[in-house]
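Next come the chains, spelled out residue by residue.
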Amino acid sequence: MKKSLLTFLLIAFSISINAQTIFGKWYSKNDKTGEIDSVIEVYEKDGKAFAKIIEIKNPKRQNAVCDLCEGENKGKKILGLNILAGLKKDGSEWSEGTILDPRNGKIYTCYIELINPKKLKIRGYIGFSLFGKTAYWERAGV
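Keep in mind it's a predicted model, so treat the numbers as computed, not measured.

Chemist: How should the pairing of strand S2 (residues 36–45) be read in this particular structure?
Modeler: Side-chain positions along a regular strand alternate between the two faces of the sheet. Sheet topology places strand S1 (residues 24–29) next to S2; 6 bridges connect them, and they run antiparallel. Of the residues in S2, the one forming a bridge with Lys25 is Glu41. Hairpin connection from S1 to S2: 6 residues lie between these consecutive antiparallel strands, with Gly34 at a positive phi of about 80°. Of the pairings in the sheet, the one linking S2 to strand S3 (residues 48–56) comprises 8 bridges and is antiparallel in character. Within S3, the position partnered with Glu44 by the bridge is Ala49.

Chemist: In this structure, what is going on with the sheet that holds strand S6 (residues 106–116)? I would like to understand it.
Modeler: Pairing between sheet strands relies on hydrogen bonds along the backbone, with the strands arranged either parallel or antiparallel. Pairing is antiparallel in the closed barrel, where 8 strands are placed in the order S1-S2-S3-S4-S5-S6-S7-S8. With direction set aside, neighbouring strand axes in the sheet form an average angle of 30°. Pairing geometry for strand S5 (residues 93–101) and S6, over 7 bridges, is antiparallel. Across the sheet, Ile99 pairs through a bridge with Tyr108, a residue of S6.

Definitions and cut-offs
- Residues numbered from 1 in each chain as written.
- Predicted model: local features only at pLDDT ≥ 70, side-chain atom pairs only at ≥ 80, totals over all residues.
- Heavy atoms only, no water.
- Pairing = 2+ DSSP bridges.
- Helix = DSSP H or I, 4+ residues; strand = E, 2+ residues; numbered from the N terminus.
- Axes fitted to C-alpha atoms, helices over the stretch in contact; angles between N-to-C directions.

None of this, on its own, says anything about what the molecule does.
Written as structure tokens, this is what we have:
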């Protein structure tokens, strides 16, 4: 009985800790329709945050490529594409990184912040944060 209770508490604790981090799977919504169009996985590598598209909801877009991207991302499949790179933890937010918008191929400076365990704020901008766009991702599978 004690082992079962301890196991339950450890699982509950690990789920709680995971829900209080930016890392994990997130739903991204289409700005125009408000519908979930992809699942993004935010992960940590060498102390920095990165993210890639791990699922595209529209079956017709499974093999879509980033035609508007430049450089190494031009022509790459959107599924599996890294869209967040090099964010460093700075207090309650992660900043000094970039985000790629595969819809227009542009790369923006960005920061992300966990609003609550189920909501992530992503702000992409050029130059000053004042001139940019904010998106909110919802945690997947919650």
